[in-house]
Amino acid sequence: MSDKGAAVGLEGVSKRFDTRKDGGLLALDKVDFALRPGEFVSIVGPSGCGKSTLLRIMAGLVAPSTGRCTRPDGIETAFVFQEAALLPWRNVERNAQLLMELEGHSPDSYRPRAAEALKLVGLAGFEKSYPHQLSGGMRMRLSLARALALRPGLLLLDEPLAAVDELTRDVLQEELSSLWRQAGFTGVLVTHNVHEAVYLSNRVVVMSPRPGRILDVIDVPFAFPRAPELRASADFAALTGQVTSVLRAQHHAQAVA
Amino acid sequence: MSDKGAAVGLEGVSKRFDTRKDGGLLALDKVDFALRPGEFVSIVGPSGCGKSTLLRIMAGLVAPSTGRCTRPDGIETAFVFQEAALLPWRNVERNAQLLMELEGHSPDSYRPRAAEALKLVGLAGFEKSYPHQLSGGMRMRLSLARALALRPGLLLLDEPLAAVDELTRDVLQEELSSLWRQAGFTGVLVTHNVHEAVYLSNRVVVMSPRPGRILDVIDVPFAFPRAPELRASADFAALTGQVTSVLRAQHHAQAVA
Amino acid sequence: MTRSSSPALALARNAAPVVAVALLAIGLWWLLSATVYQGKGYLLPSPQEVAAATAENAATLAGATLSTLKEALLGYALAIVVGIAGAAVLAQSRLLERSLYPYAVLLQTVPVVAIAPLIVLWFGYNELSVVIVSFIMSLFPIINNTMLGLRSTSRNLAELFALHRASGLVSFWKLRLPGALPHIFAGLRISAGLSVIGAIVGEFIIGSGNAEGGLGVQIVFAQGRMYTALLFAEVIAATLLGFLFFLAVSAIGRLLLRHWHESALGS
Amino acid sequence: MTRSSSPALALARNAAPVVAVALLAIGLWWLLSATVYQGKGYLLPSPQEVAAATAENAATLAGATLSTLKEALLGYALAIVVGIAGAAVLAQSRLLERSLYPYAVLLQTVPVVAIAPLIVLWFGYNELSVVIVSFIMSLFPIINNTMLGLRSTSRNLAELFALHRASGLVSFWKLRLPGALPHIFAGLRISAGLSVIGAIVGEFIIGSGNAEGGLGVQIVFAQGRMYTALLFAEVIAATLLGFLFFLAVSAIGRLLLRHWHESALGS
Amino acid sequence: ADAPKPVRILSNWFAQPDQAGYWQAQQDRLGKEAGIEISVLQGGPKIQTIPQVASGQAEFGIGNADDVLLARLRGAPVRAVFAHLDYVPYTLVYHADPAVKSIADLQGRTFAVNIGNAYWEWTKKQYRLAGTREIPVSGDLSLFRNDPKMVQQGYSLFLPARMAAAGVQVQQITLASLGYKPYNVLFTTDDMIRKNPALVKATVAAVQKGWAGYVRNPQGLKPLITGMNKQMTPEIYDAANKEMIETLISHDLGRIGCMSDARWSELAGQLRSVGFLPAGFDAKQGYDRTLVPGCNS
Ligand SMILES: Nc1ncnc2c1ncn2[C@@H]1O[C@H](COP(=O)(O)OP(=O)(O)OP(=O)(O)O)[C@@H](O)[C@H]1O
Ligand SMILES: Nc1ncnc2c1ncn2[C@@H]1O[C@H](COP(=O)(O)OP(=O)(O)OP(=O)(O)O)[C@@H](O)[C@H]1O
Ligand SMILES: Cc1ncc(C[n+]2csc(CCO)c2C)c(N)n1
Ligand SMILES: [Mg+2]
Ligand SMILES: [Mg+2]
């Protein structure tokens, strides 16, 4: 774990959204968690449980209703939103350069880095296309490329691979993991794919249905780099099973309630 | 297989998009396929291979560049787009009613059906929320509920479950399958999840990377209703393995090229 | 993001900055009238003089304002109906749009004063002509913004409606029109003031027949009497009239858009 | 969706419907002037009479058009710069907007005719005052639409920029401004005609010293002599001027938006 | 008996003394016996009475003789039938200045005038004022007050009195003293004269009575006019009456409205001299002097 990665602390974080129902909607309920510098953590949990909201709070985009989020000053953060969030008036290449441009990098440095990132996610050849000319999966990959090209200290990923096929997904997982090992950023990945969560992470956070609480934090002991074959191992299956069973217990509890 | 379901025929369908590159971009290349009335077919293939485009052609939203698509007249079609495509100015409930409204159903009939569909996808309690107040997965589920509530003759689903967690996904798969068995619509599902494709379908269509061609059409022999335990069976694993290997062969071929 | 505890409080908070600037402006005006324009009330009367003139001519002023209000409101209403309906028709097809939209543009580029005799000829020597001038002045911003709005429908949603064989009319009511509302209201805001200006210009052209006449007529009277303080009172009345329309239309827009459009969701 | 083989061809295809309607309109005009208005050229001159008047006064007409073009262009350019910059400043904060935006509205609601003396007093009896009137008339649609555009930035994108600590200026240039362009161009289209009207109204008020003057002055001359055919020629010139601005601004808008915005992507 | 036939007279300005006879005819219903009911419509700053009357918006209009001739040139079939004022009381007003002895001394100043109007083009040419600066006149007088060197066009009936009331000392040179004297007229269309001469005659007779009545008792209209036109304060009204009755209206009350060929032809000559009328233009097509009772005796 490198010292480039940022440490983020969540202390008693709750988030209540104003809605017209009285009391509003409690999306997150007293979340405590400390992200260690350079680690890779995945968050899994049912749809609507507050994962995206939690990432937004970590990024400092949303203030918690109660509790607090501590982040080191001046840390470069990249966020791959659940929706691709591209600039429709920029072509693929210029979209991929955006974050570096915003962070004040020079064209000489950001041009090759953007090109490299595009190649990584399989968008070479589409540099001059506009977002509306891409498929859904291509748009998400562009969004991922844009974040990766920045080489941030903190990378927040909100289901970045949900819209791509399994094979591409496998390839991108490998790329992501190897980038992480090289660059040493702190990574937080929201995913619905428990295998992906376990394969990529130091720890997996399992959240409850709304209002989102942390049910369990599961350490993943496998050393890095991890070989693709790890996924077929019994140990791996045991761990994913553990995550799933925590998820499932709560799910049933809710279904009954 | 019921006679409610529509038959759709694709004959030598190609689609070329105008781009500023000369010749444009060939998205689909001579696709031949006949959808039998009342069957459920899944389409798998790499990101950007033309799956969404193919669905659009089946829906009659886009004309093929060459070849033709034959559809019965007057068939009610519902399309769950890859992006949720909700009306931002309507609340959840009114969004769920939209398609029935458009098809001229009466409020008395569409109100309870929309409510039922919302319950099915786990959005009960959010009737009065607006789309911007939902999570990404909730938006996709709303989009799905909207389509299911219509009880169409042809249901086209573009990665409807990509944004939801695995458990919710399992539940929704069961719901979808049982609806299909009851209502007898013709279903086409684009998915990146091979297990999902096999579990739900009569046949699985595997497509090549761009330009999209049909590599193989794999029959799934298991009888309906299928029990969730089927997924753990060796036969099931063999079939998913077959689909994956067709996908993978082509993927590698491309990676080498 | 916190909610205000009461609507009255919210109103007060919203109005405070405007009122502050207004007081500042009046202060500045007073300062100017007391220094540079000291003794030149015929150029820039002081706020006190304007207030006095308002009080002295309150009845006439009120009557004139009411009469201009009526004309401008009719012209504005007509422009709203014709503008939105016209844009709706034009947006039905590129061909229609290409052939007719340019003429909507031309309509607003014609200097109305120059074609005044024709307007009077066609609509009569009466208030209707004033309404027509107000209508012509306020039409184009509404048409133009509505057309932009109708053409900005998201592609996905348009496809959804096409799939369900929604007729042009249904698409219009359930998709294109609501989606265009933010643009339409921007157009309505622009036209609010123009409709009042149009009514005043119309009164210049038509006069007042045998009636007392609206603000346009009273403005000419005040000018002839070199009663600049009254002139200012009348100009302020006209300005506030336009502003009133603007506020009304903005409030309605916010009400309709508050649930979903970025521009009205609050920062 | 097919591409035209050449830009010239595309232009021809785009222009065809407009030209068709123009011919139709001229035909109708001729018919009217030859029937209902037969012998009433002082009300509605025939196309031939207008053509003759144009030919007879070609030099004056050209000079006047050029002079109005200059004034309107300056007023328009000023309105574009001030309007966009002003909206940008106002959109920086809700407080600023709440305090100042209403005054931008008021500015457009003031009947210019009534405050003309002050304009003349401050800017002199010269072309500058004409430019100022044109500026005042064309300002508000630009401010208003730009503000709507700047406020319609998608929430996701705004968050993305906030995350990367993009300064207000950077967000403005790289996010809010490009996102607002469709709205801004709608405003510019509205103001195109208004700027010409403004210049003409300005000339009505300020004149031209003793030079030949622009179209506003020539319109007054023609009206004074009841030379309706020439008046029509002048009104047509003014209208076409506004239309020219409109076309230019529309073309630029289409060029900038063609890659990405629904309204310009083609149907 | 039939209901009286309505006759509309479109005025060129808000109600004021120079239209007094018409208002008088309306107020006293002077056409009643002849079976007509006269109503006057107030004008305003942008009213163009000639096209409105030519197109039938009113049966009669009030205007200036020079405008009638110019309208004829452009084919508008309007014709003056009654000249209520001997000349349009145009005047040029300037801040009191003993150094100004004649119009030549105003050379080079800024003139607020009806730019392009015949009277101004003629004055410019006649008195070689080409070097002056001209600006369009509007209803606004504040810039004149503010600029001691400005010359302001107005009506001699009102403007000097108004300035005096505001404490501004002015002097004036009337257009009539310079030699430009178009009649102030009532006009109608050729058609009306041809098809309905009785109605025209009745109207002319009624308004002649109106004018006579007004001259006899100028105060009688004061409430009506000052009530309709807020510009017309009682003091201005009184001052205007005096000048009008002394200099602009025939002292022989039976001959009010009469016109002479010589005056029309002089006017046409002046308009020709500035190129407003072509050489062959016959002034006779602009008026019909046979309709006013008492003019040929
Ligand atoms: N409007 C368009 N203009 C140009 N190219 C387009 C357009 N729409 C799609 N394409 C191209 O067509 C190809 C197929 O797109 P499509 O959306 O059908 O892919 P897909 O199989 O659905 O991919 P994904 O799994 O990522 O959603 C892509 O390469 C895309 O870039
Ligand atoms: N702006 C908002 N206003 C009101 N409620 C909101 C808002 N944003 C989110 N919510 C609510 O907060 C809850 C959590 O939303 P969030 O997007 O964090 O879920 P999520 O875990 O990311 O779900 P998914 O997996 O479906 O993306 C949801 O119930 C949602 O309805
Ligand atoms: C018939 C008539 N016309 C104009 C005026 C007022 N006035 C005299 S000169 C002038 C400038 C422009 O006409 C103005 C406004 C009037 N009192 N009566
Ligand atoms: Mg989410
Ligand atoms: Mg797709």
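Residues numbered from 1 in each chain as written. Chains lettered and ligands numbered in written order. Predicted model: local features only at pLDDT ≥ 70, side-chain atom pairs only at ≥ 80, totals over all residues. Heavy atoms only, no water.

**Here we look at the coordination of the magnesium ion (ligand 5)**
Residue and element names in this part refer to chain B.
Here's step 1: Each protein donor to the magnesium ion (ligand 5) is listed here as S52 (OG) and Q82 (OE1); together their distances run 1.9 to 2.2 Å. One end of the pair, S52, is in helix α1 (residues 51–59); the other, Q82, is in the loop between β5 (77–80) and α2 (92–102), and 30 residues separate them in sequence. With respect to class, S52 is no different from Q82; both count as buried. (Donors = N, O, S within 2.8 Å, 3.2 Å for Na, K, Ca; no water. Helix = DSSP H or I, 4+ residues; strand = E, 2+ residues; numbered from the N terminus. Buried < 20%, exposed > 50% of the residue type's maximum accessible area, 1.4 Å probe, protein only.)

**Overview of the pattern of salt bridges**
Here's step 1: One pass over the full model with this rule turns up 49 salt bridges over all chains.
Here's step 2: Of the charged contacts, one joins C:K70 and C:E127 as a salt bridge, the two residues approaching to 3.1 Å between their closest N and O atoms. Here C:K70, found in helix α3 (residues 58–90), pairs with C:E127, found in helix α6 (residues 127–151); they are 57 residues apart in sequence, far enough to count as distant.
Here's step 3: Overall, the relative accessible area of 34% leaves C:E127 in the partly exposed class.
Here's step 4: Of the charged contacts in the structure, one is a salt bridge between D:E97 and D:R151, with a shortest N-O distance of 3.3 Å. With D:E97 in helix α4 (residues 94–109) and D:R151 in helix α6 (residues 127–151), this residue pair connects regions lying 54 residues apart in the sequence. Residue D:E97 shares its accessibility class with D:R151, and that shared class is buried.
Here's step 5: In the salt-bridge network here, residues are joined through shared partners; they are A:R90, A:R94, A:E101 and D:K174. (Salt bridge = Lys/Arg side-chain N within 4 Å of Asp/Glu carboxyl O.)

**A word on the interface of chain B and chain A**
Here's step 1: Tallying the contact residues gives 38 residues for chain B and 38 residues for chain A.
Here's step 2: The junction of chain B with chain A conceals about 2700 Å² of combined surface from both sides, 48% of it contributed by carbon and sulfur atoms.
Here's step 3: In terms of surface lost to chain A, no three residues of chain B exceed B:S47, B:L167 and B:H192, which account for 20% of the buried area on that side.
Here's step 4: Measuring nitrogen to oxygen at the nearest pair gives 3.0 Å for the salt bridge that ties A:E83 to B:R139. (Contact = heavy atoms within 4.5 Å. Buried area = accessible area lost by both parts, 1.4 Å probe.)

**A look at the sheet that holds strand β3 (residues 40–44) of chain B**
All names here are of chain B.
Here's step 1: Strands sit in the order β5-β6-β7-β3-β8-β9 across an open sheet of 6 strands; the sheet is mixed. Only two strands of the sheet have a single neighbouring strand rather than two, namely β5 and β9 (214–219). Across this sheet, the average inter-strand angle for adjacent strands is 15 degrees, counted without regard to direction.
Here's step 2: Here strand β8 (residues 203–207) runs beside β9; their pairing, made up of 5 bridges, is antiparallel. Note that in β9 the partner of V206 across the bridge is D216.
Here's step 3: Across the face of the sheet, helix α4 (residues 136–150) comes into contact with β5 and β6 (154–158) while running at roughly 170 degrees to β5. (Pairing = 2+ DSSP bridges. Axes fitted to C-alpha atoms, helices over the stretch in contact; angles between N-to-C directions.)

**Side note on the interface of chain D and chain C**
Here's step 1: Between chain D and chain C, the contact holds 64 residues from the first and 64 residues from the second.
Here's step 2: Note on chain D versus chain C: buried area summed over both sides is about 5800 Å², and carbon and sulfur give 69% of it.
Here's step 3: Of all residues in chain D, D:R98, D:T109 and D:I190 bury the most surface against chain C, accounting for 10% of the area lost on that side.
Here's step 4: Where chain D meets chain C, there are 0 salt bridges.
Here's step 5: Where chain D touches chain C, the interface holds 12 residue pairs in polar contact (both at pLDDT 80 or more).
Here's step 6: Elements with a minimum of two residues in the side of chain D that touches chain C: α1 (7–34), α4, α5 (112–123), α6, α8 (168–206), α9 (215–224) and α10 (228–257) of chain D. (Polar contact = N/O pair within 3.5 Å; in protein donor to acceptor, adjacent residues only side chain to side chain.)

**Details of the domain arrangement of chain C**
All names here are of chain C.
Here's step 1: Looking at chain C, the domain boundaries give domain 1 (1–38) and domain 2 (45–257).
Here's step 2: Averaged C-alpha coordinates put domain 1 and domain 2 at centres separated by 27 Å.
Here's step 3: With 4 residues of domain 1 at the interface, the matching set in domain 2 holds 7 residues.
Here's step 4: Together domain 1 and domain 2 conceal approximately 390 Å² of surface at their shared face, both sides included; 76% is due to carbon and sulfur atoms.
Here's step 5: Three residues, W29, W30 and S33, lead the burial of domain 1 against domain 2; their summed loss comes to 92% of the area buried on that side.
Here's step 6: Between the two partners, domain 1 and domain 2, sit 0 salt bridges. (Domains from an automatic or database assignment.)

**Quick look at the side chain of A:R169**
Residue and element names in this part refer to chain A.
Here's step 1: Within the fold, R169 resides in helix α5 (residues 166–183).
Here's step 2: Of the polar contacts made by the side chain of R169, one reaches the side chain of E196; its length is 2.6 Å.
Here's step 3: Not counting chain neighbours up to four residues away, the residues in contact with R169 comprise L161, A162, V164, T191, N193 and E196.

**Topic: α9(D)**
All names here are of chain D.
Here's step 1: The buried count for α9 comes to 8 of 10 residues, which makes it a mostly enclosed element.
Here's step 2: The complete set of buried residues in α9 reads L215, G216, V217, Q218, I219, F221, A222 and Q223.
Here's step 3: The inward-facing, buried residues of α9 abut α3 (58–90), α8 and α10.
Here's step 4: In the stretch just after α9, M226 is the one whose phi turns positive, near 55 degrees.

**A short note on the relation of the copies chain B and chain A**
Here's step 1: For these two chains of identical sequence, chain B goes onto chain A by a turn of 180 degrees and a shift of 0.0 Å along the axis, with RMSD 0.0 Å. These values place the two chain copies in the arrangement generated by a two-fold rotation axis. Using C-alpha coordinates, one finds that chain B approaches the rotation axis most closely at B:A162, a distance of 2.8 Å. (Least-squares fit on C-alpha atoms with pLDDT ≥ 70 in both.)

**Let's talk about the site of ligand 2**
Here's step 1: The full set close to ligand 2 counts 22 residues, and A:K51, A:S52, A:T53, B:Q133 and B:S135 are the nearest of them.
Here's step 2: At the site occupied by ligand 2, nearby residues are drawn from chains A and B.
Here's step 3: The side chain of A:Q82 places a nitrogen or oxygen atom 2.7 Å from an oxygen atom of ligand 2.
Here's step 4: For ligand 2, whose accessible area on its own is 640 Å², the fraction buried by protein is 92%.
Here's step 5: Among the secondary structure elements, those contributing two or more residues to the shell around ligand 2 are β2 (25–35) and α1 (51–59) of chain A together with α4 of chain B.
Here's step 6: Residues belonging to the shell around ligand 2 are distributed by class as follows: 7 nonpolar, 12 polar and 3 charged. (Near = heavy atom within 4 Å. Areas by Shrake-Rupley, 256 points an atom, 1.4 Å probe, with all protein chains shown as cover. Nonpolar A, V, L, I, M, F, W, Y, C, P; charged D, E, K, R; others polar.)

**Section: the relation of the copies chain D and chain C**
Here's step 1: Overlay of chain D on chain C (RMSD 0.3 Å): rotation 180 degrees, translation along the axis 0.1 Å.
Here's step 2: Of all interface residues in chain D, 100% are interface residues in chain C too; the two copies therefore contact each other through one and the same surface.

**Focus on the sheet that holds strand β7 (residues 186–190) of chain A**
Residues and elements named next belong to chain A.
Here's step 1: Pairing in this open sheet of 6 strands is mixed, and the strands run β5-β6-β7-β3-β8-β9 from one edge to the other. Edge strands, defined here as strands with exactly one partner in the open sheet, are β5 (77–80) and β9 (214–219). Taken over all neighbouring pairs, the strand axes of this sheet differ in orientation by 15 degrees on average, direction set aside.

**As for the state of the cysteines**
A covalent bond between the sulfur atoms of two cysteines is what we call a disulfide.
Here's step 1: For the structure on display, the rule yields 1 disulfide over all chains.
Here's step 2: The disulfide partner of E:C258 is E:C295, and the gap between their sulfur atoms is 1.8 Å. Its torsion about the S-S bond being -95 degrees, the disulfide of E:C258 and E:C295 is classed as left-handed. Pair noted here: E:C258 is in the loop between α11 (234–248) and α12 (261–273) and E:C295 is in the segment after α12, with a separation of 37 residues, a long-range link.
Here's step 3: For E:C258, a relative accessible area of 16% puts it in the buried group.
Here's step 4: Residue classification places E:C295 among the buried positions, given a relative accessible area of 10%.
Here's step 5: With no disulfide of its own, A:C69 has A:C49 as its nearest cysteine by sulfur position, at a separation of 17 Å. (Disulfide = S-S within 2.5 Å.)

**Describing the packing of α4(B) against helix α5 (residues 166–183) of chain B**
When two helices pack together, you describe them by how their axes are tilted relative to each other and by the distance separating the axes.
Residue and element names in this part refer to chain B.
Here's step 1: Between α4 and α5, the shortest axis-to-axis distance is 13 Å and the interhelical angle comes to 10 degrees. One element, α4, and the other, α5, form an angle in the roughly parallel class. Contacts between α4 and α5 involve R141, L144 and L148 on the former and, on the latter, T168, L172, L176 and L179.
Here's step 2: Classifying every residue of the contact of α4 with α5 gives 5 nonpolar, 1 polar and 1 charged. (Parallel < 35°, antiparallel > 145°, perpendicular 65-115°, else oblique.)

**Brief notes about the pairing of strand β8 (residues 203–207) of chain A**
Looking down a regular strand, the side chains alternate between one sheet face and the other.
Residue and element names in this part refer to chain A.
Here's step 1: With 5 of 5 residues buried, β8 is to be regarded as a mostly interior element.
Here's step 2: Note: strand β3 (residues 40–44) against β8, 4 bridges, orientation parallel. When the bridges of β8 are listed, V44 appears paired with V206.
Here's step 3: Following β8, the chain reverses through 6 residues before pairing antiparallel with β9.

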